[in-house]
Amino acid sequence: MKKCVKQFIVSTLIMSSLVVASATANEDRTKKDLSEIQSALKQSQAELAAQRKDIAKSQKSLQQHELDIAKNAKALNIAEQSIRDTEKQQKQQQQQADTLEKKRKEQQQALAAQIKSAYMSGGHDYSKMLLNQENTAQVERTLSYYNYLNKARIEQIEELKALLLEIEVVQAELEKTKLHLTALHKEQANRHQALVAAQQQRKANINELKTKLSSTKNEIDYLKENEKTLVTTLQELEKEKTQKVELLGLAKSKGKLDWPTKGKIEHSFGQRKHGGIDWKGVLIGAREGSNVQSVHNGQVVFADWLKGYGWVIVLDHGDGFMSLYGHTQTLLKDVGDMVRKGDIIALVGQSGGQANSGLYFEIRHKGRAVNPVKWCRRI
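Residues numbered from 1 in each chain as written. Predicted model: local features only at pLDDT ≥ 70, side-chain atom pairs only at ≥ 80, totals over all residues. Heavy atoms only, no water.

- Labelled according to an unreviewed UniProt entry, the chain appears under the name Peptidoglycan DD-metalloendopeptidase family protein, originating from Pseudoalteromonas haloplanktis.

**Quick look at the overall build of the chain**
Okay, step 1: The helix and strand inventory of the chain stands at four helices and 10 strands.
Okay, step 2: Helices and strands appear in the chain in the N-to-C order α-α-α-β-β-β-β-β-β-β-β-β-β-α.
Okay, step 3: When the 379 residues of the chain are sorted by exposure, 30% land in the buried category.
Okay, step 4: Taking the intrachain contacts of the chain between residues at least 6 apart in sequence as the baseline, contacts between residues at least 24 apart amount to 71%. (Helix = DSSP H or I, 4+ residues; strand = E, 2+ residues; numbered from the N terminus. Buried < 20%, exposed > 50% of the residue type's maximum accessible area, 1.4 Å probe, protein only. Contact = heavy atoms within 4.5 Å.)

**So, the pattern of salt bridges**
Oppositely charged side chains are able to pair whenever their charged atoms sit close together.
Okay, step 1: This model, assessed by the stated rule, comprises two salt bridges.
Okay, step 2: Between arginine 377 and aspartate 258 there is a salt bridge, and its shortest N-O distance comes to 2.9 Å. Within this pair, whereas arginine 377 is found in the segment after α4 (372-375), its partner aspartate 258 is found in the loop between α3 (136-242) and β1 (264-267), the two being separated by 119 residues in sequence.
Okay, step 3: By relative accessible area, arginine 377 is classed as partly exposed at 40%.
Okay, step 4: Relative accessible area serves as the criterion here: at 38%, aspartate 258 is assigned to the partly exposed category.
Okay, step 5: In this structure, the salt-bridge partner of arginine 364 is glutamate 362, at a minimum N-O distance of 2.8 Å. (Salt bridge = Lys/Arg side-chain N within 4 Å of Asp/Glu carboxyl O.)

**Here we look at the pairing of strand β6 (residues 321-331)**
Okay, step 1: For β6, the buried fraction is high: eight of the 11 residues fall into the buried class.
Okay, step 2: Sheet topology note: the strand β5 (residues 310-318)/β6 ladder contains six bridges and is antiparallel. Bridge pairing in β6 links leucine 315 to serine 323.
Okay, step 3: Adjacent in sequence and paired antiparallel, β5 and β6 are bridged by two residues, among which aspartate 319 carries a positive phi angle near 55°.
Okay, step 4: Across six bridges, the pairing between β6 and strand β9 (residues 358-365) is antiparallel. Of the residues in β9, the one forming a bridge with phenylalanine 321 is histidine 365.
Okay, step 5: In terms of strand pairing, β6 meets strand β8 (residues 344-348) through three bridges, oriented antiparallel. Within β8, the position partnered with threonine 330 by the bridge is leucine 347. (Pairing = 2+ DSSP bridges.)

**Some words on the nonpolar core**
Okay, step 1: In terms of nonpolar packing, the biggest core is built from 24 residues, with Tyr325, Ile345 and Phe361 touching the most fellow members.
Okay, step 2: For phenylalanine 361, the contacting residues outside a window of four places in its chain are Trp259, Pro260, Gly281, Val282, Ile284, Val295, Ser323, Leu324, Tyr325, Pro372 and Cys376.
Okay, step 3: Core analysis: the second largest hydrophobic core is formed by six residues, Trp279, Val312, Val314 and Leu324 among them. (Core = buried A, V, L, I, M, F, W, Y, C linked by side-chain atoms within 4.5 Å.)

**A closer look at the side chain of histidine 296**
Okay, step 1: As for its placement among the helices and strands, histidine 296 is situated in the loop between β3 (291-293) and β4 (298-306).
Okay, step 2: A distance of 3.4 Å separates polar atoms of two side chains, one belonging to histidine 296 and the other to serine 253.
Okay, step 3: Contacts of histidine 296, omitting those with residues within four sequence positions, involve Gly249, Leu250, Ser253, Leu257, His317, Val339, Arg340 and Lys341. (Polar contact = N/O pair within 3.5 Å; in protein donor to acceptor, adjacent residues only side chain to side chain.)

**As for the confidence of the model for the chain**
Okay, step 1: The predicted model of the chain averages 76 in pLDDT, with 67% of residues at 70 or higher.
Okay, step 2: Least confident of the elements in the chain is helix α2 (residues 126-131), whose mean pLDDT is 54; most confident is β3, at 97.
Okay, step 3: Counted against residues more than four places away or in other chains, residues 1-21, with its pLDDT under 50, gives five contacts. (pLDDT = per-residue confidence, 0-100.)

**Here's the deal with the packing of aromatic side chains**
In this description, a pair of aromatic rings is defined by centroid distance and the angle of the planes.
Okay, step 1: This structure, assessed with the given rule, holds five aromatic pairs.
Okay, step 2: Here the aromatic rings of tyrosine 309 and tyrosine 360 are separated by 5.4 Å at their centres, their planes lie at 45°, and the arrangement is tilted. Here the residue tyrosine 309 occupies a position in the loop between β4 and β5, and tyrosine 360 occupies one in strand β9, the gap between them amounting to 51 residues.
Okay, step 3: Residue tyrosine 360 is classed as buried on the basis of its relative accessible area of 1%. (Phe/Tyr/Trp six-rings, centres within 6.5 Å; stacked < 30°, edge-to-face > 60°.)

**Brief notes about the environment of lysine 228**
Okay, step 1: Locating lysine 228 in the fold gives a position in helix α3.
Okay, step 2: The exposure class assigned to lysine 228 is exposed, which follows from its relative accessible area of 57%.
Okay, step 3: Remark: the alpha-carbon pair of lysine 228 and leucine 34, spanning 194 residues in sequence, is separated by 9.1 Å.

**Some remarks on unusual backbone geometry**
Okay, step 1: Of note, histidine 327 is a non-glycine position whose phi angle comes to about 65°, a positive value.
Okay, step 2: The residue histidine 327 is located in strand β6 in this model.
Okay, step 3: The exposure class of histidine 327 is buried, given its relative accessible area of 3%.
Okay, step 4: Within the chain, lysine 366 stands out as a residue other than glycine whose phi angle is a positive 55°.
Okay, step 5: With respect to the helices, strands and loops of the structure, lysine 366 is situated in the loop between β9 and β10 (368-370).
Okay, step 6: Assessed through its relative accessible area of 67%, lysine 366 is described here as exposed.

**Things to note about the side chain of threonine 261**
Okay, step 1: With respect to the helices and strands, threonine 261 occurs in the loop between α3 and β1.
Okay, step 2: Within the local environment of threonine 261, its side chain forms a polar contact with the backbone oxygen of asparagine 291, the two atoms lying 3.1 Å apart.
Okay, step 3: Setting aside chain neighbours within four positions, we find threonine 261 in contact with Ile284, Ala286, Ser290, Asn291, Val348 and Leu359.

**Notes on the environment of glutamine 93**
Okay, step 1: Checked against the element boundaries, glutamine 93 lands in helix α1 (residues 2-120).
Okay, step 2: You can call glutamine 93 buried: its relative accessible area is 7%.
Okay, step 3: Along the backbone, glutamine 93 and glutamine 171 are 78 residues apart, and their C-alpha atoms lie at a distance of 8.1 Å.
Okay, step 4: With residues up to four places along the chain from it excluded, the contact list for glutamine 93 reads Val170, Glu173, Leu174 and Thr177.

See the structure below:
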């Protein structure tokens, strides 16, 4: 009797040390993760501070670009107004040139008519009229007429010469205006190009500011969330160190256990297998990837691949009770881990050569398989 009590005490101490060791290992790992997160958070906050300085510089650059935009826009507006004024001036000068050209043609035609008239009456030259003394009065009238015509022609010729000079001046001014207008159009194009470039640079600066702020803030928010999660985890681990998982067996839970996964029983306990062997548990048809939950508090004593059963995990529930979960897709707990009722320990699969996905489930008491249907709630 004393020997049994001693063995029970030793087993209890070993299990307690496993619980504490597991919790301590998890706590150390979590503390390390928390330290790394806090270090990354400090680095990100430092980067944010540095980026704020860069942002201040970018804002000054942005202000300068907006000033350039304003200057270019104003200069462009002035250039456009100058172009409109110059085009108006050019139009007026062209009209003046056209008027002068019309007047020149009229004067040339009038002068040509006078020259023609003089030529037509050219048979009476001065020498003949002077030698002809028959009609002195007529000669005097003719000479007066010729003098008048000559004077008129001379005035028209001088007037035409002045008109030609005026036309030359107007044409020179018109040509100068055209050159000025061409320069204004070129300046307008350059101003417009500078304006577009400044606007594009401004847009790029704004996008850069938004990207920097958004990226850094998102990273800091993410790290703060992780920090919060890890702090909560540490608090929970601290509680777990003081709360032992009691392994009291399954006797008091007979008929009240939840099934480890949802599904239809494809093969029942005691049913004959191929080769004359009976089923020691049940095969539950379930969707691949579904959760496999612990039916009660326990400790993982086996977690490995087993021939014929695929990936298997076995829990010790104390007082000689154990539960086995086979054909799983993957195992989520390791040997030595303590689990509570309802914890997810694996995922449903079809390992071990199964054609369809499902979970093989056994309950044993002191090495003897018992019918899970009698221990679990009715489906």
